[in-house]
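Survey of secondary and tertiary structure
Below, each chain spelled out in residue letters.
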Amino acid sequence: MKSNANSTVDQPSLSNNTQVNTIPKIVPKREVVSFGIAACGQGMIYAVMSSYISDFYINVLRTPLIFVLLLMLLARVWDAINDPLMGIIIDKATPKSGKMRPYIIISAIPIAILSFLMFYDFGLSATGTMILASFVYVLWGMIYTVADVPFWSMPNIMTPNPGERANVISFGRTLNGVGTALPILIFMILGFVIPAVKPDLIGIESSKLKYIIIASVCSVIGIILFMFSYFGVKERVKSPVIKIKSTEKSNTLKRIFQCKPLMIVIIMGVLSSGRYLMQAGAVHVARYAFYIGPAVSTLTTEAAKTAAVEASISTVSTIFTVCSAIGMFGSMLVMPFLYKKFNYKQIIVFTGIGGFVAGILTLIMGLLNINYGFSWATFVCIPFIIIQCIPLGALNVTAYAMIGDSLDYMEWKTGFRDTALGSACQGFVNKLGNAVATCLIVVVYIFIQIDPAQMYSKEAVVFATDLALNQRIAMFSLVSIVPGISIILCIIPVLFYDLVGKKKDQITKELAERRLAN
């Protein structure tokens with residue numbers, strides 16, 4: 001179905017025989033770099049929340065587990081309204097300084113302040129702590145949406161070239177992944193530094209200092225980098241010029257739900273929510289599944305035991321982080337090359353199968369360590385964890401590229417291009433995935449009956465090796481078989497994704513012709 005609607009692009013004129021594969025690349029390298037730097041900053045800020053908020057609420061503030069569970073669920077209910085609403089506002093509004101860029105500058109400082117407050121203990125009562133935590137967490141999510149939706153919509157308005165758009169997204173998501181690793185690196189370093197510099201800080205007090213340092217550093221640096229997208233990126237692709245009869249009415253949400261490729265990408269993202277456990281679950285596994293350090297019998301004081309536990313947590317979480325980084329960033333780096341030989345569907349399917357198999361092998365190696373004390377099995381896990389994280393990188397990049405193609409399909413089919421709303425849907429899926437991961441962590445805590453307060457009690461420090469085998473195995477499953485099952489499930493809807501090959505080329509060509517005619 002063709003439409004008489006067109007979109008305009010600020011680019012050099014093309015000849016009438018222009019084909020899809022000859023649409024010029026019009027984004028200068030410095031602009032791509034600016035977008036990537038901004039993505040790195042955003043990744044730093046988001047990773048602090050997604051990787052550590054559950055540990056901070058459960059093991060530092062020690063809020064009730066059911067509170068954390070309900071907060072994650074209810075906040076996502078609000079996001080289901082807030083995120084699409086923000087997308088609609090952006091698509092409808094036409095600020096003079098750009099369609100996307102103004103939201104970056106107005107949201108930057110509030111995000112930095114709220115990111116700090118989210119990890120600050122005000123020393124309130126249990127009720128006061130829960131009320132304040134709820135307020136700050138929900139408000140952070142709302143303000144973050146104001147920045148996140150337009151930011152990841154930018155590649156769609158930087159260039160009309162699908163290949164160039166995919167490369168911009170790939171570069172941005174790769175540096176975004178680098179940004180997510182920086183808070184985890186700081187976490188690892190502080191796990192060794194704080195006990196050495198502040199030996200009087202034991203247990204919770206040490207964790208409080210660690211988290212406030214991480215939040216402060218990442219908030220300040222992250223926001224400075226994020227604002228590169230305001231000063232260094234240009235908007236080129238304009239919204240379609242719609243020519244419809246006065247009796248016709250546009251239904252934005254209806255277009256979204258009727259865009260089959262977009263719905264497939266969203267369902268894929270929801271089913272792959274378990275992948276976020278590789279980051280969010282790592283610190284919990286480090287606390288309650290493994291211990292790496294001196295023999296417990298040689299530790300004679302509570303301070304020495306606490307230092308050993310903190311060092312073990314840093315070591316184990318670092319192993320998972322490094323492995324995740326190699327697998328995820330490695331796959332992100334090669335995505336532009338894979339896109340030249342394989343379509344998005346093939347990449348998701350094959351990397352997902354590999355990740356599922358690796359998840360099973362990771363679980364087996366973990367069981368050998370936990371059940372039988374084979375310490376070598378911990379290190380044999382390393383290559384399997386790396387392989388298990390390859391589909392994480394593929395999904396992080398390819399999902400946004402698929403969103404761009406789905407918006408092309410929507411514009412080709414209906415004449416409308418709801419760029420921001422499409423990105424808002426993906427943003428909501430990302431936040432939903434992190435919430436699902438956190439909820440799974442809380443459910444495991446409840447199911448295996450772990451009381452965080454007992455791990456750093458005044459009477460004794462409890463080591464992971466002191467816990468029951470079923471408790472340690474259940475916790476380890478969060479970073480092994482559960483993400484693997486989630487990844488294999490997300491492949492199912494992708495099998496029905498058909499924006500590949502000749503169909504995709506035809507859509508891109510016809511859109512290019514309409515833009516030329518306009």
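One numbering rule holds for all chains: residues counted from 1, following each sequence as written. Given that the model is predicted, a residue must reach a pLDDT of at least 70 before its local features are reported, and side-chain atom pairs must reach 80 or more before they are shown or counted; all residues, however, enter totals for whole chains, interfaces and linings. The basis for every side-chain value is the complete set of non-hydrogen atoms in the structure, without hydrogens or water.

We now examine empty space enclosed by the protein. Unfilled space is identified by rolling a water-sized probe across the atoms. Cavity and pocket criteria rest on a 1 Å grid covering protein atoms alone: a 1.4 Å probe that fits but cannot get out defines a cavity, protein on both sides within 12 Å along at least 5 of 7 lines defines an open pocket, and an atom within 4 Å of a point defines a lining residue. Grid points are joined across faces, edges and corners, and a volume is the space filled by probe spheres set on the points. The final tally for this structure, using the stated rule, is eight cavities of 30 Å³ or more. What the largest cavity holds in volume is close to 350 Å³. Surrounding the largest cavity, 24 residues form its lining, Tyr46, Arg173, Asn176, Tyr276 and Asn396 being those nearest its centre. Secondary-structure elements contributing two or more residues to the lining of the largest cavity are helix H1 (29-60), helix H4 (126-158), helix H5 (162-197), helix H12 (302-339), helix H15 (390-414) and helix H16 (419-448). We call Asp, Glu, Lys and Arg charged. Ala, Val, Leu, Ile, Met, Phe, Trp, Tyr, Cys and Pro are nonpolar, and the rest, Gly among them, are polar. The class makeup of the residues in the lining of the largest cavity is eight nonpolar, 12 polar and four charged. Only DSSP runs of H or I covering at least 4 residues are called helices, and only runs of E covering at least 2 are called strands; the numbering of each starts at the N terminus.

What follows covers the confidence of the model for the chain. Note: predicted coordinates in regions of low pLDDT should not be interpreted at a detailed level. Confidence scores here are pLDDT values: one per residue, from the predictor, ranging 0 to 100. Per-residue confidence for the chain gives a mean pLDDT of 84, with 91% of residues at or over 70. Helix H17 (residues 452-455) is the least confidently modelled element of the chain, averaging 66 in pLDDT, while helix H19 (residues 481-494) averages 95, the highest of any element. Segment residues 1-21 is flagged for pLDDT under 50; beyond a separation of four residues in sequence, or across chains, it makes 52 contacts in the model. Here, residues are in contact when the closest pair of their heavy atoms is within 4.5 Å. Throughout residues 241-249 the model reports pLDDT below 50, and contacts reaching past four residues in sequence, or to other chains, amount to six contacts.

In this section: helix H18 (residues 469-476). Burial status follows relative accessibility: with a 1.4 Å probe on protein chains alone, a residue under 20% of its type maximum counts as buried, one over 50% as exposed, and anything between as partly exposed. Within the span of H18, buried status applies to Gln471, Arg472, Ala474, Met475 and Phe476. In this fold, the buried residues of H18 make contact with helix H11 (282-288), H12, helix H13 (344-372), helix H14 (376-388) and H16.

Looking at the secondary structure, you find Thr318 in helix H12. A polar side-chain atom of Thr318 sits 2.5 Å from the main-chain carbonyl oxygen of Ser314. Side-chain atoms alone can form a polar contact between residues adjacent in sequence; in general such a contact is a pair of N or O atoms within 3.5 Å, and within protein one must be able to donate a hydrogen while the other accepts it.

Residues form patches when they are more than 30% accessible in relative terms and have no salt bridge. Like charges link within 9 Å. Nonpolar side chains (Val, Leu, Ile, Met, Phe, Trp, Tyr) link within 5 Å. In this description, accessible areas are obtained by the Shrake-Rupley approach with a 1.4 Å probe, and a residue is regarded as covered only by the protein chains that are shown. In what follows, salt bridge is the name for a side-chain nitrogen of Lys or Arg lying within 4 Å of a carboxyl oxygen of Asp or Glu. Taken together, the side chains of Val178, Leu182, Leu185, Ile189, Phe192, Val193 and Val197 present a nonpolar region at the surface, about 550 Å² in accessible area. Along the polypeptide, Leu185 turns up in helix H5.

This next bit is on the packing of aromatic side chains. Only rings of Phe, Tyr and Trp enter the pairing, Trp through its six-membered ring, and a pair is recorded when the two centres are within 6.5 Å. The plane angle decides the type: under 30 degrees is stacked, over 60 is edge-to-face, the rest tilted. This model, assessed by the stated rule, comprises 23 aromatic pairs. A centroid spacing of 5.8 Å and a plane angle of 25° characterise the contact between Phe116 and Tyr120, whose relative ring orientation is stacked. Through pairs of rings, three or more aromatic residues link up here, namely Tyr52, Phe56, Tyr57, Phe119, Tyr137, Phe187 and Tyr211. Remark: a charge is flagged as sitting over a ring if the NZ atom of Lys or the CZ atom of Arg is within 6 Å of the ring centre and within 35 degrees of the ring normal. Taking NZ or CZ as reference, Arg101 lies 4.5 Å from the ring centre of Tyr230, over its face. Between Arg173 and the ring centre of Trp152, over which it is positioned, the NZ or CZ distance is 4.5 Å.

Below, the discussion takes up the state of the cysteines. Disulfide: a covalent bond formed between the sulfur atoms of two cysteine residues. The disulfide definition used here is simple: a pair of cysteine sulfur atoms within 2.5 Å. Under the defined criterion, the tally for this structure stands at zero disulfides. Of the cysteine sulfurs around Cys259, a residue in no disulfide, the closest is that of Cys425, at 9.8 Å.

On to the pattern of salt bridges, then. Summed over all chains, the structure comprises 13 salt bridges. As a salt-bridge pair, Asp79 and Lys431 come within 3.5 Å of each other at their nearest N and O atoms. A residue pair is termed long-range when its members are at least 10 positions apart, and Asp79 in helix H2 (residues 65-92) and Lys431 in helix H16 qualify at 352 residues. Each of the two residues, Asp79 as well as Lys431, counts as buried. Across the pair Lys503 and Asp498 runs a salt bridge, and its minimum N-O distance is 2.9 Å.

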